[in-house]
Amino acid sequence: MNTQIEKTRHTLRQADAILIGASNGLSIAEGYNIFADNDMFRSLFDDFRQKFGIRNVLEGCFFDYPSSSDRKAFVSRLVEHWVEKYKPTQVMTDLRTIVGEKPYFILTTNADTHLELSGFNPADVWEIEGTFVQLLDGVPPENKQWRVNDFLKQYSGKRLVLLELGIGSRNRIIKQPMMQLAVQETNATYITLNLHNEIYIPEEIAHKSIALPGDIAITLNELCL
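Report on the accompanying structure. Everything quoted here is computed from the prediction, not taken from an experiment. (Residues numbered from 1 in each chain as written. Predicted model: local features only at pLDDT ≥ 70, side-chain atom pairs only at ≥ 80, totals over all residues. Heavy atoms only, no water.)

Overview of the overall build of the protein
A tally of helices and strands in the protein yields 11 helices and six strands. The C-alpha radius of gyration computed for the protein amounts to 18 Å, which stays within 12% of the reference 17 Å derived for 225 residues, consistent with globular compactness. Overall, the protein is about 55 × 40 × 30 Å in size when its C-alpha atoms are taken along their principal axes. A separation of at least 24 residues holds for 59% of the contacts in the protein among residues at least 6 apart in sequence. Put simply, the protein shows about 11200 Å² of open surface, and 50% of that area lies on carbon and sulfur atoms. The positive charge centre, built from 23 side chains, and the negative charge centre, built from 29, are 3 Å apart in the protein. (Helix = DSSP H or I, 4+ residues; strand = E, 2+ residues; numbered from the N terminus. Rg over C-alpha atoms; globule rule 2.2 N^0.38 Å. Contact = heavy atoms within 4.5 Å. Areas by Shrake-Rupley, 256 points an atom, 1.4 Å probe, with all protein chains shown as cover. Lys, Arg positive; Asp, Glu negative; His and termini not counted. Charge placed at Lys NZ, Arg CZ, Asp CG, Glu CD.)

A word on the nonpolar core
Residues Leu-26, Leu-95 and Phe-132 are the most contacted members of the largest nonpolar core, which totals 48 residues. In contact with Leu-95, not counting residues within four places along its chain, are Ile-20, Leu-26, Leu-115, Phe-120, Leu-163, Leu-165 and Leu-220. Judged by nonpolar contacts, the second largest core, of 19 residues, contains Ala-17, Leu-19, Ile-174 and Ala-188. (Core = buried A, V, L, I, M, F, W, Y, C linked by side-chain atoms within 4.5 Å. Buried < 20%, exposed > 50% of the residue type's maximum accessible area, 1.4 Å probe, protein only.)

Structural notes on the pattern of salt bridges
A pair can form between side chains of opposite charge whenever their charged atoms are brought close. Taken as a whole, this structure holds nine salt bridges when the rule is applied. One salt bridge in this structure joins Arg-13 and Glu-6, with 3.5 Å as the shortest N-O distance. Through salt bridges with shared partners, a single ionic network connects Glu-6, Arg-9 and Arg-13. (Salt bridge = Lys/Arg side-chain N within 4 Å of Asp/Glu carboxyl O.)

Some words on helix H6 (residues 90-99)
Listing the buried residues of H6 in full gives Val-91, Met-92, Asp-94, Leu-95, Ile-98 and Val-99. Considered in projection along H6, the buried side chains sweep an arc of 160° and stay on one side of the axis. Taken from the residues just after H6, Gly-100 is the one with a positive phi, measuring 60°. (Arc of directions from axis to C-beta.)

Digging into helix H1 (residues 3-14)
Its 12 residues give H1 an end-to-end C-alpha distance of 17 Å, which sits within 8% of 16 Å, the value for a rise of 1.5 Å per residue. All of the buried residues along H1 are Ile-5, Thr-8, Arg-9, Thr-11 and Leu-12. Along H1, the residues classed as buried sweep out an arc of 165° about the axis, all on the same side. For H1, the secondary structure elements touched by its buried residues are strand S1 (17-22), H6, strand S4 (160-165), strand S5 (189-194), strand S6 (209-213) and helix H11 (216-224). Near the N-terminus of H1, the side chain that reaches the backbone nitrogen of Gln-4, with its oxygen 2.8 Å away, is that of Asn-2. (Expected span 1.5 Å × (residues − 1). Polar contact = N/O pair within 3.5 Å; in protein donor to acceptor, adjacent residues only side chain to side chain.)

Looking at a nonpolar patch on the surface
Among the surface-exposed residues, Ile-28, Phe-35, Leu-58 and Phe-62 lie close enough to one another that they form a single nonpolar patch of about 400 Å² accessible area. Tracing the chain through its elements places Phe-62 in helix H4 (residues 57-62). On the basis of relative accessible area, Phe-62 is assigned to the exposed category, the value being 61%. (Patch = residues over 30% accessible without salt bridge, like charges linked within 9 Å, V, L, I, M, F, W, Y side chains within 5 Å.)

Some points on the packing of H1 against H11
Taken N-terminus to C-terminus, the directions of H1 and H11 make an angle of 60°; their axes are 9 Å apart at the nearest point. As far as their axial angle goes, H11 and H1 are oblique. Both H1 and H11 take part in a crossing whose hand is right-handed. Residues Ile-5, Thr-8 and Arg-9 of H1 lie in contact with H11, whose contacting residues are Thr-219, Glu-222 and Leu-223. (Axes fitted to C-alpha atoms, helices over the stretch in contact; angles between N-to-C directions. Parallel < 35°, antiparallel > 145°, perpendicular 65-115°, else oblique. Left-handed = near helix turned anticlockwise from the far one by under 90°.)

A few points about the sheet that holds S6
Taking strand neighbours across the sheet as the criterion, the six strands line up as S3-S2-S1-S4-S5-S6 in an open arrangement whose pairing is parallel. The outermost strands of the open sheet, each flanked by one partner alone, are strand S3 (125-127) and S6. The sheet shows a mean angle of 15° between the axes of neighbouring strands, taken without regard to direction. With five bridges joining them, S1 and strand S2 (residues 104-108) adopt parallel strand pairing. Directly across from Ala-22, in S2, lies its bridge partner Thr-108. Contacts from H6 reach S1, S2 and S4 within the one sheet, and its direction differs from that of S1 by about 155°. (Pairing = 2+ DSSP bridges.)

A few points about the environment of Leu-44
On the secondary structure map, Leu-44 appears in helix H3 (residues 39-52). Spatially, the C-alpha atom of Leu-44 lies 7.9 Å from that of Arg-77, the residues being 33 residues apart in sequence. With sequence-adjacent residues up to four places away left out, Leu-44 is seen in contact with Arg-77, His-81 and Trp-82.

Structure (structure tokens):
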């Protein structure tokens, strides 16, 4: 048995609360890639690809269209297929199983709202950079910093798991604050899931960290077994 997987299971079972940080790697594990010019993108947006030269979802959301109606058409289609027609994937089902009944809060730069659509409480999820629906409606991102502060105050000094899912090694929005929190919180454990080349744990928290490199979808499933 993978000793790191078993160590992670034990740590999660013993946790008083879980702070999750999630970025594009989690969405990619689900099969949704905002950076990719792949079959999914081409099947949904080939007309935008041909007309404007747009090569991925991220470009499409922030492209300098000749008219606001073109931009709205792109984002509307994105919301329809990535949000309204979304069905929870095995990745999200496994993540829900891992969290179980533990208190949690989720910080994410993913705009797809798949976490909430998979059963996580919207009040306990903060899309820091906003959502696709907010982009469509012209609504600014909601600031839930006070929610994070309350959560961290409540579980400061307790067995807090910092669970990082698919965050790039140089990320400063979520990864850096979580690593700093791992330094500050004596009883915290920092767990990171990512591809081998994106795993990064600073030396000062190595003794209280667990790295699980590889396919996030596979790793999450193994943690459920």
